[in-house]
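The primary structure of each chain is shown beneath.
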Amino acid sequence: MATSDFFSTPDQQTPPGFTLDFKRVLARALRFWYVVVIFFGATMATAVYQTRYSERVYPVTASIMIRETQETGGAELLYKNALIDPYRNYLNEPYIIRSYPLIEEVVRTNHFNVSFYREGYFMTTEAYAYVPLRAVLCDPKEIRAAQFILVLNPDTTFTLSTYVEDLSEANRQTFQLDDSVQYNSFSLCVSAINGRNLLNYIGVPFLLSIQRPLSVAGGYASRLKVDWAEPGSGVINLSLTGTNPEKDMDFLEALVATYQERDLKKKNEAAERTIAFIQSQLRSIKDSLRTVEFQLERYGSSGRVKDMSIAAQRLLEKAEGFEVQRAELLIRENYYKYLDEYLKDNRASLDQIILPSSVGMNDPVLGSLITKMIDLQLEIRMATDPERGQNPLVAAKVDRINAIKRDIVEAVRTLKSTDKIKLDFLNKEIREIERQSAMLPASERQLIAIQRNYSLLENLYVFLMQKLSEAGISKASNTSDVISINPPMRGGQISPVPSRNYAIAAFIGLLVPFIIFVAFELMNNKVQSKEDIDKMTTIPFIGGVGHKTSGGNLTVSERPKSGVAESFRAMRSNLNYFTGNKTKQVFMVTSSISGEGKTFTTINLSTVFSLSGKKTLIVGADMRRPKIFEDFNRKNDVGLSTYLSGLNEFDAVVQKTDIDNLFLVSGGPVPPNPSELLLTDRFESFVREALERFDYVIIDTPPLALVTDAFVISKFVNHSVFVLRQNYSPKEFVRSIHEYYESGKLKNISILLNDIYKSGLGYGYGQGYAYHYGYSYGYPYGKRSKGGYYEE
């Protein structure tokens, strides 16, 4: 091992916090590649199944235009400009199209609530596009739901049976095609569809489903999208997405047709109501006019007045002008009376009220109030959901309608007061004319009175007939403002999208195992590599030692050419870097907990020093659990504890090992007070005498996390080696030793990573390290040899 490969001194700065090592996650993924393959295969299989057996979803679109003007000829009509037509608020049109009443009417009229389904192995799909039969309910008001099994027979008959889960026959009955049938209290008519082959489906069971119209309408309303093509335009785009494009196309076509019929019907109803009102007024005037005409005819035939005087003619012309104005006021009075009665009738539909403009009234306040009331009534209809009950917004709109009703009543009262002032003025002028006409001869007075009545009734009659003609022309020339621009058309398949499904499946199949591997990495609190150490501390990293394969700790002595032996030689070079290649040095080897390879490191580091010709002494300072003597087959009846206790002198406790230049002082018998013995002056004398006789003294101490002996000994050493074991030592101990280092409790310290058996991405040690020395000491990722172990 080259010194530069392992020996490093990080920048003296606060160590960074935890960061995820993605290289290590990748290494785990490569090791457990079969987990990735299993997840990837499972998600791709799910995607294939979903793509194969999911129902295909298609968009269906159509476009309509709502005309802004209605081209008509002739007299002034009731509908002149759609933008100012009080009956049409263009902002409401998309909501009207999606309203429940309209969609429910389409469902009932076209029997979209009666469907045929085909049951398959994995799913049941609607057979609208290919089923050769059509079933309708004889009673369109039917609201019940049911399911039956229908099977075609070869003799133009079919069999109905009650639907059960296992498709077993129950209440089986046979009926003739193209005939109404009674089955389970339902009245049905099942007929063949022209152009579809019955023979291909003989004996095939179909599920005949009858659903509640409101439920079907709710489904269409939730899927139907209605939007203006452009802001300010009169074109509306309709769209549906579903698994049955043929049925959706028929639905949109029926929806547009029903919407057109409703629009035309609404116009005609307005004209019919106006005609009915005018006709009721004409009936009351017609009889009076006939009587006055008869009186005028009798008076003229009697020959009592040949010619009126100029004064009489002047008075008559003046009276006729006033009578025309009074006739208009009388018509307005009749409309006020109609309006009061209509508003008091709670059963009346407020959007079917006759507008003031229909009878020649052009009051802007009254017209605006009635328009607002009609708009609110339409909004209430659209907000009413029969399936879900009362909409909370409806109550607020009803309150607004009631407030508008009160405003209309107040506006009518104000208009009545204004009209009364006008009428009083006209009556006063007419009385003045009557006073002046009293001075005329009796025959002229009578003629003027008859002529006045006739003029009044005639003006009323002509005015009403004009309005009646306008209403009649309007009704005859009415056409729907709704025009179909683009018929319903099916678009391309939007779901499932195989490429998207496979991409998502591949992403999830790779993401889930990656998350699992990341979770394992986050939960792993053990030291794994040099990079982990560098992230947690600024203590210099002195080297790494591979996994040993032998059962004993004398690896360097027994296998001097092994990779482990070479790593200890590199470690010796790194230690010489710290000491400036000086001899007479004291090294301390310690660790955080037992089992990290502290004793193994001490023995083999001492061995490489002794093999280089340096006289080396191993001191077993772990007097609580002395074991190091066992590796050299020596005794422990004397040792450091007996020397510090004054029972033996230095020469008596030093034992010669079988390795040249390597000597041992074991821990000795376990004393009752090992920490106190280390605090005595004899330990300092022991170290001084050891340095006089040996080139290097290497002290094996107890673990730092258990006792404080290492802190006491550290005052007498030149350098300390802190041993960590890969995938064994907790990361928290690295942070603890860093705190000791930063606080100055431990000086001249470096870290050794022991038992490196994981190599590759994220671990910093690859096969190149072992190959460099010609001997592989590493083992496959995640495995230790059965015999590999460490003793403390």
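Anything mentioned here points back to the structure above.
A brief report on the enclosed structure follows. Predicted, not measured: the structure shown is a model, and the values here were computed from it.

Basis of the calculations
- Residues numbered from 1 in each chain as written.
- Predicted model: local features only at pLDDT ≥ 70, side-chain atom pairs only at ≥ 80, totals over all residues.
- Heavy atoms only, no water.
- Helix = DSSP H or I, 4+ residues; strand = E, 2+ residues; numbered from the N terminus.
- Buried < 20%, exposed > 50% of the residue type's maximum accessible area, 1.4 Å probe, protein only.
- Contact = heavy atoms within 4.5 Å.
- Areas by Shrake-Rupley, 256 points an atom, 1.4 Å probe, with all protein chains shown as cover.
- Patch = residues over 30% accessible without salt bridge, like charges linked within 9 Å, V, L, I, M, F, W, Y side chains within 5 Å.
- Salt bridge = Lys/Arg side-chain N within 4 Å of Asp/Glu carboxyl O.
- Pairing = 2+ DSSP bridges.
- Axes fitted to C-alpha atoms, helices over the stretch in contact; angles between N-to-C directions.
- Phe/Tyr/Trp six-rings, centres within 6.5 Å; stacked < 30°, edge-to-face > 60°.
- Lys NZ or Arg CZ within 6 Å of the ring centre and 35° of its normal.
- Core = buried A, V, L, I, M, F, W, Y, C linked by side-chain atoms within 4.5 Å.
- Left-handed = near helix turned anticlockwise from the far one by under 90°.
- Nonpolar A, V, L, I, M, F, W, Y, C, P; charged D, E, K, R; others polar.

Remarks on the overall build of the chain
When helices and strands are tallied, the chain shows 24 helices and 21 strands. Counting the 792 residues in the chain, one finds 48% classified as buried. Sequence-distant contacts in the chain: of pairs separated by 6 or more residues, those separated by 24 or more amount to 79%. A total of about 38500 Å² of accessible surface is found on the chain, and carbon and sulfur atoms cover 54% of it.

Concerning a nonpolar patch on the surface
On the surface, Phe22, Ile504, Phe507, Ile508, Leu511, Phe514 and Ile515 cluster together to form a nonpolar patch covering roughly 640 Å² of accessible area. When residues of the nonpolar patch are assigned to their parent elements, the largest contribution, 6 residues, is made by helix 12 (residues 498–523). Topologically, Phe507 is positioned in helix 12. Given the relative accessible area of 53%, Phe507 is considered exposed.

Focus: the sheet that holds strand 10 (residues 205–210)
Pairing in this open sheet of 6 strands is antiparallel, and the strands run 3-2-10-5-6-7 from one edge to the other. Looking along the sheet, the strands with just one partner apiece sit at the ends: strand 3 (124–126) and strand 7 (173–176). In this sheet, adjacent strand axes meet at a mean angle of 35° when their direction is disregarded. Here 5 bridges tie strand 5 (residues 146–152) to strand 6 (residues 157–162), and the two strands are oriented antiparallel to one another. Looking at the pairing, Leu152 lines up with Phe158 of strand 6.

Section: the pairing of strand 9 (residues 186–192)
Both strand 4 (residues 133–137) and strand 9 contribute to a ladder of 5 bridges, which runs antiparallel. Of the residues in strand 9, the one forming a bridge with Leu137 is Leu188. Direction of pairing for strand 8 (residues 179–183) relative to strand 9: antiparallel, over a ladder of 5 bridges. In the sheet register, Asp179 faces strand 9, and the bridge partner there is Val190. Taken together, strand 8 and the strand that follows it, strand 9, pair antiparallel across an intervening segment of 2 residues, in which Asn184 is found at a positive phi of about 50°.

Observations concerning the packing of aromatic side chains
Tallied over the full model, the rule gives 26 aromatic pairs. When the ring of Phe32 is compared with that of Tyr34, the centres are 6.1 Å apart and the planes differ by 75°; the resulting orientation is edge-to-face. Grouping aromatic residues by their ring pairs yields a cluster made of Phe148, Phe158, Phe175, Tyr183 and Phe186. The ring of Phe694 carries the charged tip of Lys615 above its face, separated from the ring centre by 5.1 Å.

Focus on the sheet that holds strand 20 (residues 719–725)
Ordered in space as 14-21-20-15-19-16-18-17, the 8 strands form an open sheet in which the pairing is mixed. Edge strands, defined here as strands with exactly one partner in the open sheet, are strand 14 (541–546) and strand 17 (655–656). Packed on one face of the sheet, helix 16 (residues 598–611) meets strand 14, strand 15 (585–591), strand 16 (616–620), strand 18 (662–665), strand 19 (696–700), strand 20 and strand 21 (749–756) and runs near 170° to strand 19.

A few points about unusual backbone geometry
Leaving glycine aside, a negative phi is the common case for residues, and trans is the common case for peptide bonds. Of note, the amide linkage connecting Ser495 to Pro496 takes the cis form, showing an omega dihedral of -5°. Note on placement: Pro496 falls in the loop between strand 13 (482–490) and helix 12. We note that His111 has phi near 55°; this positive angle belongs to a residue other than glycine.

What about the pattern of salt bridges?
A full pass over the atoms with the stated rule returns 22 salt bridges. In this structure, Lys247 and Glu126 form a salt bridge, with 2.8 Å as the shortest nitrogen-oxygen distance. One end of the pair, Lys247, is in helix 7 (residues 245–301); the other, Glu126, is in strand 3, and 121 residues separate them in sequence. Of the charged contacts in the structure, one is a salt bridge between Arg624 and Asp709, with a shortest N-O distance of 2.4 Å. Residue Arg624 is found in the loop between strand 16 and helix 17 (628–631), and its partner Asp709 is found in helix 22 (residues 709–713); the two are separated by 85 residues along the sequence. Assessed through its relative accessible area of 0%, Asp709 is described here as buried.

Here's the deal with the nonpolar core
Core analysis: the largest hydrophobic core is formed by 41 residues, its most contacted members being Leu617, Leu640, Leu644, Phe683, Phe686, Ile699 and Ile713. Non-local contacts of Leu640, meaning those with residues more than four positions away in its chain, are made with Val619, Gly620, Ala621, Met623, Val665, Ser666, Gly667, Gly668, Phe683 and Phe686.

Concerning the packing of helix 5 (residues 100–110) against helix 6 (residues 213–223)
Think of two packed helices as two axes; the pair is described by the angle between the axes and how far apart they sit. At a closest axis distance of 9 Å, the pairing of helix 5 and helix 6 adopts a crossing angle of 115°. Judged by the twist between their axes, the crossing of helix 5 over helix 6 is right-handed. Along its contact with helix 5, which presents Tyr100, Ile103, Glu104, Val107 and Arg108, the element helix 6 presents Pro213, Leu214, Val216, Ala217, Gly218, Tyr220 and Ala221. Looking at side-chain class alone, the contact of helix 5 with helix 6 contains 9 nonpolar, 1 polar and 2 charged residues.

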